[in-house]
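Understanding the architecture of this molecule
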Amino acid sequence: MDQFFDPGSVAVIGASNDPAKWGFWLAAGALRGASRRQVFLINSRAASIQGEPTYSSLGDLPVVPELLVISIPGPAVGAVVDEALAAGVRAFLIISARVPHAGDLAARITAAGARLIGPSSLGLVDSGNELLLAWGHFTPGSLAVVTQSGQLGTEIATLSARSGLGISRFASIGGQSDVRAAEILETLVDDADTAQVVLYLESFTGGPALVQAMKRLRAAGKPVMILTTGMSSAGQRLAKSHTGALTSAIDTVDAACRAAGALRLSTPSEVVELAGFFATSWLPKARSIAIISDSGGQGAIAADMAEQHGLRVEVLDPATRTRVEHHLPDAGHIDNPIDLDGAGEADLSVYASVVKELLADSGVDAVVLSGYFGCYGEDVPDLVEAELAEVEELGRAVAAHRKPLVVHSMSADSRAVAALWEQSIPSYTSIDAAMRVLARAGFYAAHSGRITPSLEDSGPVTPWGTGYAAARSTIMAAGVPVPDAVTVTRSEDLAEVLDTSGLTPPFVLKAGWPAHKTEVGGIALGLPDRAALEAAHTDMVTRLGEGEYIVEEMDRREHVVEILVGGRRDENFGPIVMVGVGGTETELYGDTWLELAPVSQAEALDMLSRLKCFSLLTGWRGRPAADVEELADVVVAVSRLIAAGNDIDEIEINPVRVSPEGAMAVDALVITSDRAEADKDDEE
């Protein structure tokens with residue numbers, strides 16, 4: 001990637017003297033790095049561009065440029081690329097939009113051993129290498145931006161400059177026709193100028209490589225923040241299983257973020273507010289916070305916002321409360337939140353005094369100061385120096401305790417607010433932003449990514465045949481418990497098969513081929529004896545036709561909870577595993593959680609704990625707890641099946657019936673590549 005971010009020479013085709021054109025900005029930016037590299041400006045109609053001599057064509061250049069930047073009308077790009085490839089150019093940045101047959105163009109470039117960023121890129125910037133090949137002004141800094149939307153990336157860069165962060169590297173990758181986001185992320189791992197990264201993607205093609213790159217950035221101490229929007233739900237509509245229908249694209253991105261130790265955010269402003277925190281503050285060790293406010297109302301709102309963001313506002317330790325009371329002798333009962341009740345106006349030093357006591361408490365992971373602080377010097381000039389001195393004292397306290405102090409100030413840009421940032425104390429103009437940032441920083445600190453379990457002890461399992469009988473065999477081979485059963489292929493075989501089966505009533509009869517048996521009347525439960533079983537079998541054959549039918553012993557255990565466990569191969573990120581509320585109402589409740597597969601048992605237990613129905617498994621209203629450990633074993637087995645490089649595209653066990661005596665799978669669906677193609681052919 002050096003030829004893109006630190007080329008020895010760069011040529012700009014379409015350089016211009018017109019500030020309203022891309023060629024002007026590309027030429028001006030390229031010339032800013034002229035002390036570091038050779039710069040060639042190509043324009044057949046101008047003798048000079050911005051005071052520099054031009055060349056009429058690529059063939060007139062004295063050397064072959066390492067990087068060729070193209071900013072000309074789209075229809076002319078193809079011929080220029082072919083000429084450049086013949087001349088030996090091996091790196092292309094194509095700004096031009098509406099390039100005909102862009103896919104074919106990219107194929108020609110890569111076939112020649114060259115690389116391409118674009119078409120429709122909004123440029124590249126590397127502040128440390130004096131590379132500026134983009135429209136506008138970029139303030140050097142520590143935040144790297146990799147984006148499919150150049151305009152959105154520019155917005156992030158602008159907000160970053162206003163916040164004082166600045167940009168280390170900017171890469172507008174367009175449609176990723178050749179160079180993909182993962183490759184650029186890899187270059188940032190060892191980039192000395194980059195401290196954190198924001199990634200905006202609309203397409204997550206090559207998801208596993210992205211996850212690995214983000215893991216490497218996390219290991220290097222560089223937070224990764226992801227923005228994404230407009231992800232298609234077409235895959236959900238085409239899914240054959242509940243698992244496919246209930247796993248959204250955005251949920252899968254969230255699972256990838258958890259696996260990589262990254263964070264998904266919603267807007268550019270959220271990115272910059274969190275990046276400001278990462279650039280200045282200590283990370284909280286956990287989620288317990290103490291709140292100080294100038295009024296009861298602000299403190300109450302702060303507490304509400306904290307709980308909405310998953311932070312804990314707990315009762316103060318009695319010893320801490322006693323020490324705080326010493327600094328607030330006129331206050332009433334000291335609680336969390338702490339209401340200063342005018343004490344700050346009487347003596348500014350009370351802010352640092354109370355903050356120090358709270359930071360010293362081992363049960364407090366972070367402190368939030370909400371209200372008027374930051375406004376004293378702005379409203380009363382005589383108080384400027386006193387307020388700035390208090391900021392310095394707060395900074396010393398934060399440095400001593402290595403815990404975050406976050407300020408919500410009613411001032412946006414006072415001298416005190418600026419000084420807070422300089423003292424590694426983030427300050428925000430809304431309490432919502434302050435709590436949101438603190439909660440996300442806490443989540444980041446607690447989730448450093450996952451180590452994918454080894455698959456060495458369970459190789460691929462290839463299902464032989466289709467339908468429920470084959471699915472039973474597949475999950476049994478993976479170690480999933482199932483009821484005793486026999487398969488009946490012809491009507492006249494039923495009595496003979498039962499005589500040798502050893503099955504005891506009550507029975508369950510299932511048609512083996514429907515994916516969703518209840519909808520077609522392909523299942524009969526609680527058949528008390530052979531006569532009832534034979535009658536049900538006759539009825540099903542009459543309605544559904546001859547085929548493979550399975551007779552099982554019915555699960556008669558008490559205190560059973562039904563859970564869905566499924567997996568599928570995501571088109572971007574590969575294998576995923578999902579758990580959810582089971583039974584026929586699965587889609588109605590939509591209570592699910594998913595992770596990239598495979599998962600360990602500890603991760604499977606964590607997945608189950610995320611479900612709203614988890615309380616049913618742990619003993620709801622005095623009921624005995626279910627065997628959650630064995631249920632987790634089933635989750636692990638399914639995750640390994642879908643991840644083991646076999647022919648399975650989707651797998652679903654719905655339900656797994658879990659009781660205090662263990663887990664048992666009483667229905668299963670396995671969709672293989674061959675079956676998926678056959679289903680597609682049938683639909684056509």
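Everything numeric here is computed off the predicted structure, so don't read it as measured data.

Comments concerning the overall build of the protein chain
The number of helices and strands found in the protein chain is 27 helices and 29 strands. Oriented by its inertia axes, the alpha-carbon framework of the protein chain measures out at about 95 × 85 × 35 Å. Per-residue burial over the protein chain gives 53% buried out of 684 residues. Considering only intrachain contacts with a sequence separation of at least 6, the fraction spanning at least 24 residues in the protein chain is 70%. Here the protein chain holds 51 positive side-chain charges and 92 negative ones, and the gap between their average locations is 3 Å.

What about the packing of helix α13 (residues 318-327) against helix α15 (residues 350-359)?
At a minimum axis distance of 9 Å, the contact between α13 and α15 shows a crossing angle of 170°. As judged from the angle between their axes, α13 and α15 are roughly antiparallel. Where α13 abuts α15, its residues Thr320, Arg323, Val324 and His327 lie against Val350, Ser353, Val354, Glu357 and Leu358.

Comments concerning the environment of alanine 625
Structurally, the position occupied by alanine 625 is in the loop between α25 (614-617) and α26 (628-643). Taking the C-alpha atoms as reference points, alanine 625 and valine 638, separated by 13 residues in sequence, lie 23 Å from one another. Setting aside residues up to four positions removed in sequence, alanine 625 forms contacts with Leu617, Thr618, Gly619 and Pro660.

Structural notes on the pattern of salt bridges
Once the charged atoms of two side chains with opposite charge are near each other, the side chains can pair. Applying the stated criterion across every chain, the model contains 29 salt bridges. One salt bridge in this structure joins arginine 490 and aspartate 493, with 3.4 Å as the shortest N-O distance. Its relative accessible area of 46% is what places arginine 490 among the partly exposed residues. For aspartate 555, the salt bridge identified is with arginine 657, shortest N-O distance 2.8 Å.

Some points on the sheet that holds strand β12 (residues 196-200)
Overall, mixed pairing links the 7 strands, which are arranged β9-β8-β11-β10-β12-β13-β14 in an open sheet. The open sheet has two free edges, formed respectively by β9 (131-134) and β14 (263-264), since each of these has just one partner strand. One ladder, built from 4 bridges, connects strand β8 (residues 123-126) with β9; its direction is antiparallel. Following the sheet pairing, glycine 123 is matched in β9 by alanine 134.

Things to note about the packing of helix α24 (residues 601-609) against α26
At their nearest, the axes of α24 and α26 sit 8 Å apart, and the two run at 110° to each other. Between α24 and α26, the crossing angle belongs to the class labelled roughly perpendicular. Between α24 and α26, the residues in contact are Gln601, Ala604, Leu605, Met607 and Leu608 and Val628, Glu629, Leu631, Ala632, Asp633, Val635 and Val636, respectively. Residues that form the contact of α24 with α26 fall into these classes: 9 nonpolar, 1 polar and 2 charged.

Brief notes about the confidence of the model for the protein chain
Residues of the protein chain with pLDDT of at least 70 account for 93%, and the chain-wide mean is 91. Across residues 235-240, where pLDDT falls below 50, the model places 14 contacts with residues more than four positions away in sequence or in other chains.

Some thoughts on the environment of proline 481
Note on placement: proline 481 falls in the loop between α20 (468-477) and β20 (485-488). Sequence-wise, proline 481 and threonine 54 are 427 residues apart; in three dimensions their C-alpha atoms are separated by 76 Å. Each residue touching proline 481, except ones within four places of it in the same chain, is listed here: Glu630, Val634, Ala663, Met664 and Ala665.

Observations concerning the packing of aromatic side chains
One pass over the full model with this rule turns up 13 aromatic pairs. The interplanar angle of 25° and the centroid separation of 5.5 Å between the aromatic rings of tryptophan 25 and tryptophan 135 together place this pair among those described as stacked. Taken together, the positions of tryptophan 25 in helix α2 (residues 22-32) and tryptophan 135 in the loop between β9 and β10 (140-147) put the pair 110 residues apart, joining distant regions of the chain. Where tryptophan 513 meets tyrosine 549, the ring centres are 5.3 Å apart and the plane angle is 80°; that geometry is what we call edge-to-face.

Describing the side chain of glutamate 552
Counting through the fold element by element, glutamate 552 comes out in strand β23 (residues 549-553). A relative accessible area of 2% means that glutamate 552 is categorised as buried. Of the polar contacts made by the side chain of glutamate 552, one reaches the side chain of tyrosine 468; its length is 2.3 Å. In this structure the side chain of glutamate 552 is engaged in a polar contact, spanning 2.9 Å, whose partner is the side chain of lysine 510. If near-sequence neighbours (up to four positions away) are discounted, glutamate 552 is found in contact with Tyr468, Arg472, Pro483, Asp484, Ala485, Pro506, Phe507, Val508, Lys510 and Val666.

Some words on the nonpolar core
Counting 56 residues, the largest nonpolar core has Val69, Leu133 and Leu185 as the members making the most contacts within it. With 6 residues, helix α10 (residues 249-260) is the single largest residue contributor to this core. Dropping the residues within four chain positions of it, leucine 185 is found in contact with Val146, Val197, Leu199, Leu210, Ala213, Met214 and Leu217.

Observations regarding the sheet that holds strand β17 (residues 366-371)
Neighbouring strands of a sheet are bound in pairs by backbone hydrogen bonds; such pairs are parallel or else antiparallel. Pairing is parallel across the open sheet formed by 5 strands, whose spatial order is β16-β15-β17-β18-β19. With one partner strand each, in any of the chains shown, β16 (338-339) and β19 (427-428) form the two edges of the open sheet.

The rules behind the values
Residues numbered from 1 in each chain as written. Predicted model: local features only at pLDDT ≥ 70, side-chain atom pairs only at ≥ 80, totals over all residues. Heavy atoms only, no water. Helix = DSSP H or I, 4+ residues; strand = E, 2+ residues; numbered from the N terminus. Buried < 20%, exposed > 50% of the residue type's maximum accessible area, 1.4 Å probe, protein only. Contact = heavy atoms within 4.5 Å. Lys, Arg positive; Asp, Glu negative; His and termini not counted. Charge placed at Lys NZ, Arg CZ, Asp CG, Glu CD. Axes fitted to C-alpha atoms, helices over the stretch in contact; angles between N-to-C directions. Parallel < 35°, antiparallel > 145°, perpendicular 65-115°, else oblique. Salt bridge = Lys/Arg side-chain N within 4 Å of Asp/Glu carboxyl O. Pairing = 2+ DSSP bridges. Nonpolar A, V, L, I, M, F, W, Y, C, P; charged D, E, K, R; others polar. pLDDT = per-residue confidence, 0-100. Phe/Tyr/Trp six-rings, centres within 6.5 Å; stacked < 30°, edge-to-face > 60°. Polar contact = N/O pair within 3.5 Å; in protein donor to acceptor, adjacent residues only side chain to side chain. Core = buried A, V, L, I, M, F, W, Y, C linked by side-chain atoms within 4.5 Å.

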